[in-house]
Amino acid sequence: RCAVLWFRRDLRLADHPALLAAADRADTVLALYVLDERLIGPAGAPRLAFNYRCLRALDEQLGGRLLVVRGDPVDVVPALARACGAASVHISADTAPYGRERDAAVAKALGGDLVATGSPYAVTPGRVRKQDGTPYRVFTPFSRAWLQHGWRGPAATDVAITRWVDPANLDVERAAIPADPDLGGVELPDAGEEAALAAWRRFRADGLADYDERRDRPDVDGTSMLSPYLRWGCVHPRTLLADLGSDPGATSFRNELAWREFHADVLWHRPDTARRNYDERFDALWWQPGPDAESLFDTWREGRTGYPIVDAGMRQLLHHGWMHNRVRMVVASFLVKDLHVPWQWGARHFMRHLVDGDLASNQLNWQWVAGSGTDAAPYFRIFNPTTQGQKFDPVGDYVRAHVPELRGIAGKAVHEPWRLSEAERGDYPLPIVDHAVERQEALRRYGEHVTRR
Ligand code: FAD
């Protein structure tokens, strides 16, 4: 008897409950991945290339026995299940809007078993609830309840005893794992499960103890850089959580993983928030972007706003497919509150360029910054891009690393290039807007459209 293990956001073999479930029910397991145009279409080059590299790594781990096919999963998955005579198809649950609809349609088409075991989260979204059964709207009580709910230890997946079906023996049209799309020079981290575990070992040894103090500093390598691996499930968060003690570094890291779980939980309860404001009072705020919104947006995308920390972040995104969390918050606030551009525009740009682009984390962090989400930073708390730069990039190394025009400026003077002479500033632009003025304008719009309702 055969079972199908349909891989999606779980591109690993260790700590894989769905693999355990498949191996438990059948003598042999067919490893399947479906190239689904509806997911490939909107993804940017860094995320796609990383996805394909993870698939190559997985195929290697499986001795070339990963069956890759192209098509609509609703047609393809049942056809393959028939082709190998499978009694059941196994998945890790996908809890984002498209994945949920797709899986419901596949289950219906299969007419039999689509068995979901586990999810990309320590606690499956939807499980942690208030005593009255309603979802949490605020992070801190959610994270407390999440900790209390707890999770199982990592699943001991014995891959060695799994007998994988060799797809060469099946009469099916096999697709190649696509070549990388043009990355335009963006360098990606090593892909796959082994690389993920190596990154985790490195971070545990060198970064975790100081994480609490260094995580907000974009000028130092103070964070784990695990986000692309978590995005594709090269490592399960439970594997990480099982290694964490109770010192400040570990506690702080656990708290960040809790944010990831919180946003997934919010999206599970409110799939509409992938596109729309969680708090609908904010709909009025951006209902009509100003006439110069397009050109301001372009300047922001290119990293030519004249605010060094914003430009450094936007260029890090373009050239590395990644941006430091503190700077993600600063550039997002700048777009929404200084340039008065809808958060959805910025979120789309991030999803196109981030190697870790993840619908729940991205859309809900954008909303958190914009003030329209759950437990959001209040709209009137507006980041000052200059003081943020001075505080979190105190000697200006982050700016100099990403903005070559400012490389000759020593120390923290790099955060206020408008104070320098034209010769010193060179090609670097003057600020496109005056933060103090736009801050007032943001508050005015907020007062007019949001609070008076
Ligand atoms: P670490 O500091 O080492 O954190 C460890 C892990 O915790 C991360 O890998 C991530 O999985 C999780 N995490 C940390 N902070 C957050 C957070 N605020 N929200 C959710 N999870 C978090 N993260 C994504 O994975 N994908 C996105 O598309 C994404 N978009 C974002 C957009 C905006 C506007 C903002 C402000 C944040 C966004 N984040 C996103 C969250 C965060 O910036 C990244 O997870 C983090 O920078 C990844 O780097 P790291 O792995 O070194 O993080």
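Cut-offs used in this document
Residues numbered from 1 in each chain as written. Predicted model: local features only at pLDDT ≥ 70, side-chain atom pairs only at ≥ 80, totals over all residues. Helix = DSSP H or I, 4+ residues; strand = E, 2+ residues; numbered from the N terminus. Rg over C-alpha atoms; globule rule 2.2 N^0.38 Å. Buried ≥ 20, exposed ≤ 12 C-beta atoms within 10 Å, placed from the backbone. Contact = placed C-beta atoms within 7 Å. Near = placed C-beta within 6 Å. Nonpolar A, V, L, I, M, F, W, Y, C, P; charged D, E, K, R; others polar. Domains from an automatic or database assignment. Core = buried A, V, L, I, M, F, W, Y, C linked by C-beta atoms within 7 Å. Right-handed = clockwise from strand over helix to strand, strands pointing away. Pairing = 2+ DSSP bridges. Expected span 1.5 Å × (residues − 1). pLDDT = per-residue confidence, 0-100. UniProt positions renumbered as here; feature names shortened; annotations may be inferred.

### Observations regarding the overall build of the chain
- Counting secondary structure elements, the chain contains 20 helices and six strands.
- Taken over C-alpha atoms, the radius of gyration comes to 23 Å for the chain, in line with the 22 Å a tight globule of 453 residues would show.
- Each principal axis of the C-alpha distribution contributes one length, and for the chain these read about 75 × 50 × 45 Å.
- Counting all 453 residues of the chain, 43% fall into the buried class.
- Once local pairs closer than 6 in sequence are excluded, the contacts in the chain between residues at least 24 apart make up 77%.

### Quick word on the site of the ligand
- The ligand sits among 27 residues. The nearest are T223, S224, N325, N362 and N365.
- When contributions to the shell around the ligand are tallied by element, the ones reaching two or more residues are helix 9 (227-232), helix 11 (248-269), helix 14 (325-338) and helix 16 (359-370).
- By residue class, the composition of the shell around the ligand is 11 nonpolar, nine polar and seven charged.
- Inspection of the shell around the ligand shows a minimum of three residues originating in each of domain 2 (121-154 + 192-269) and domain 3 (280-451).

### Side note on the nonpolar core
- Ranked by internal contacts, the top residues of the largest apolar core, which has 113 residues, are V4, L5, A22, V29, L30, L32 and C54.
- Sequence-distant contacts of L5, defined by excluding residues within four places in its chain, comprise A18, L19, A22, V29, L30, A31, L32 and H90.

### What to know about unusual backbone geometry
- Unusually for a residue other than glycine, D15 sits at a positive phi of about 45°.
- By secondary structure assignment, the location of D15 is in the loop between strand 1 (2-7) and helix 1 (17-25).

### Re the domain arrangement of the chain
- What the domain assignment reports for the chain is domain 1 (2-119), domain 2 (121-154 + 192-269) and domain 3 (280-451).
- Here the C-alpha centroids of domain 1 and domain 2 sit 24 Å apart.
- Each partner contributes residues to the interface: domain 1 has 18 residues there, and domain 2 has 18 residues.
- When the residues that make up the side of domain 1 that touches domain 2 are grouped by side-chain class, the tally is nine nonpolar, four polar and five charged.

### Observations concerning the pairing of strand 2 (residues 28-35)
- Of all eight residues that make up strand 2, six are buried, and the element is covered over most of its length.
- Each parallel crossover has a hand, and for strand 1 linked through helix 1 to strand 2 it is right-handed.
- Pairing of strand 2 with strand 6 (residues 163-164) involves two bridges; the strand directions are parallel. In the strand pairing of strand 6, V29 is matched with W164.
- Sheet topology places strand 2 next to strand 3 (residues 66-70); five bridges connect them, and they run parallel. In the sheet register, L35 faces strand 3, and the bridge partner there is R70.

### Things to note about the environment of V29
- Structurally, the position occupied by V29 is in strand 2.
- Along the sequence, V29 and V4 sit 25 residues apart, while their C-alpha atoms lie 5.6 Å from each other.
- Not counting residues up to four positions away in its chain, the partners in contact with V29 are A3, L5, A22, A23, T162, R163, W164 and V165.

### Remarks on helix 14
- Compared with an ideal rise of 1.5 Å per residue, which puts 14 residues at 20 Å, helix 14 spans 19 Å between its outermost C-alpha atoms and is within 8% of the ideal.
- Burial of helix 14 is extensive: 13 of the 14 residues sit out of reach of the surface.
- After helix 14 finishes, the residue H340 shows a positive phi value of roughly 60°.

### A look at the confidence of the model for the chain
- With 98% of its residues at a pLDDT of 70 or more, the chain shows a mean pLDDT of 94.
- Across the whole predicted complex the pTM is 0.97, and at the interface the ipTM reaches 0.99.

### A look at the UniProt feature "domain: Photolyase/cryptochrome alpha/beta" (unreviewed entry) in the chain
- Under the local residue numbering, the UniProt record ascribes the feature "domain: Photolyase/cryptochrome alpha/beta" (unreviewed entry) to residues 1-122.
- The span residues 1-122 is 45% helix and 24% strand, and its two end C-alpha atoms sit 31 Å from each other.

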